[in-house]
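# Working through the structure, step by step
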Amino acid sequence: MAPQPSLMPSLRQGTPNASSEGGPTHVAIIMDGNGRWAKAKGLPRSLGHQAGVAALKTIVEAAPALGIDRMTVFGFSTENWRRPAGEVSELMKLLKFYVRSDLERLRRAGVRVHILGRRTGLPADILETIDQAEQSTAANSRFHLQVAFNYGGQADIIDAARAFAEAVKAGQAEPGDLTEDNFQAYLSTANGPPPDLIIRTSGERRLSNFLLWEAAYAEFVFQDVLWPDYGPADLKAAIEEFRTRERRYGGTDVNDALATG
Ligand code: IPE
Ligand code: IPE
Ligand code: MG
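Everything in this summary refers to the structure shown in the same document. These figures come from a predicted structure and were not determined experimentally.

### Notes on the site of ligand 1
- Looking at ligand 1, there are 13 residues lining it, with Asp-32, Gly-35, Arg-36, Arg-45 and Arg-83 nearest.
- Taking Gly-33, its main chain carries an N or O atom lying 3.4 Å from an oxygen atom of ligand 1.
- With respect to ligand 1, the side chain of Arg-45 contributes an N or O atom lying 2.9 Å from an oxygen atom.
- Contact with the protein chains hides 86% of the accessible area of ligand 1, taken as 380 Å² for the molecule alone.
- The cavity that encloses ligand 1 is the largest pocket.
- Only helix H1 (34-40), helix H2 (45-62) and helix H3 (85-108) provide two or more residues apiece to the shell around ligand 1.
- Sort the elements by how many residues they give to the shell around ligand 1 and H1 lands first, with 3 residues.
- A breakdown of the residues in the shell around ligand 1 according to their chemical character gives 2 nonpolar, 6 polar and 5 charged.

### Observations concerning the pairing of strand E5 (residues 197-200)
- On E5, burial covers both faces: Leu-197 and Ile-199 on one face and Ile-198 and Arg-200 on the other are all buried.
- Relative to E5, strand E1 (residues 26-30) runs parallel, the two being bridged by 4 bridges. Along E5, the bridge assignment pairs Val-27 with Leu-197.
- Of the strand pairs in this sheet, E5 and strand E6 (residues 219-222) are connected by 4 bridges, and their pairing is parallel. Residue pairing across strands places Ile-198 opposite Phe-220, the latter belonging to E6.

### Here we look at the site of ligand 2
- Looking at ligand 2, the residues that line it are Ile-30, Met-31, Asp-32, Phe-74, Gly-75, Phe-76, Asn-80, Arg-83, Arg-200, Arg-206 and Ser-208.
- The separation between an oxygen atom of ligand 2 and a polar side-chain atom of Arg-83 is 3.2 Å.
- Among the detected pockets, ligand 2 sits in the largest pocket.
- In terms of residue count, strand E2 (residues 70-77) provides more of the shell around ligand 2 than any other element does, 3 residues in total.

About the criteria used
Residues numbered from 1 in each chain as written. Chains lettered and ligands numbered in written order. Predicted model: local features only at pLDDT ≥ 70, side-chain atom pairs only at ≥ 80, totals over all residues. Heavy atoms only, no water. Near = heavy atom within 4 Å. Polar contact = N/O pair within 3.5 Å; in protein donor to acceptor, adjacent residues only side chain to side chain. Areas by Shrake-Rupley, 256 points an atom, 1.4 Å probe, with all protein chains shown as cover. 1 Å grid on protein atoms, 1.4 Å probe; cavity = no way out; pocket = protein on both sides within 12 Å on 5 of 7 lines; lining within 4 Å. Sits in = over half its atoms within 2 Å of the grid points. Helix = DSSP H or I, 4+ residues; strand = E, 2+ residues; numbered from the N terminus. Nonpolar A, V, L, I, M, F, W, Y, C, P; charged D, E, K, R; others polar. Buried < 20%, exposed > 50% of the residue type's maximum accessible area, 1.4 Å probe, protein only. Pairing = 2+ DSSP bridges.

What follows is the structure in structure tokens.
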């Protein structure tokens, strides 16, 4: 694949304070805490994951009114295969359930669904579900919902590097052609801009291999709410926190720049 024109705003051209008046337009969420939510209620972990899907539906519905036009959610990581087989198959089943129960509504609401992550290793029925979700919403552009499934940030960078190496091998590119801007065209997030805000629920404060490349200048908000309990008011609180941040992209504060001339 030849590199596509970059859709990622150059970090070096970032405007200081650009987001303090508004945004975020792209919010990414590490939906964590389903297991602890279930445990606290004496329920099996599978019921925690089911409650997590219900929370996801509510949040996706609430997002456009909060000024968001793209959401990226972490549904299953390349490391989640380490979980017991029963839990892995429950998580696979839930992707199917989510698509089956919500796809028509999403399609009618103008949502375009993208599934990020490696296809290899996924069962045939899941691949079918992914194709159905992507194909039936391909004409939409009002809101982008990206579900990271069998996704790892490192795996995605490796796959991108391999794709570039293949382009070099095929004589379509030179090693020196590679830049920060055009490398992202090889990532599974190539279709849109990087997240402004990354939220992680449940109190954990780590990325767990989510959007490593794309997180370069994202703002982080960690919330102590377990994902099944997460609602629009929590998302609103995260957005309000984001709006207090000053994004500098390595530059200086606008007022400091004026003061120093
Ligand atoms: C997040 O909840 C969902 C997935 C990782 C698929 P967890 O299942 O990680 O919940 P905790 O962290 O055990 O509470
Ligand atoms: C990250 O959560 C993956 C998803 C939310 C899908 P984990 O619960 O798997 O992350 P760790 O193991 O606590 O780092
Ligand atoms: Mg977890």
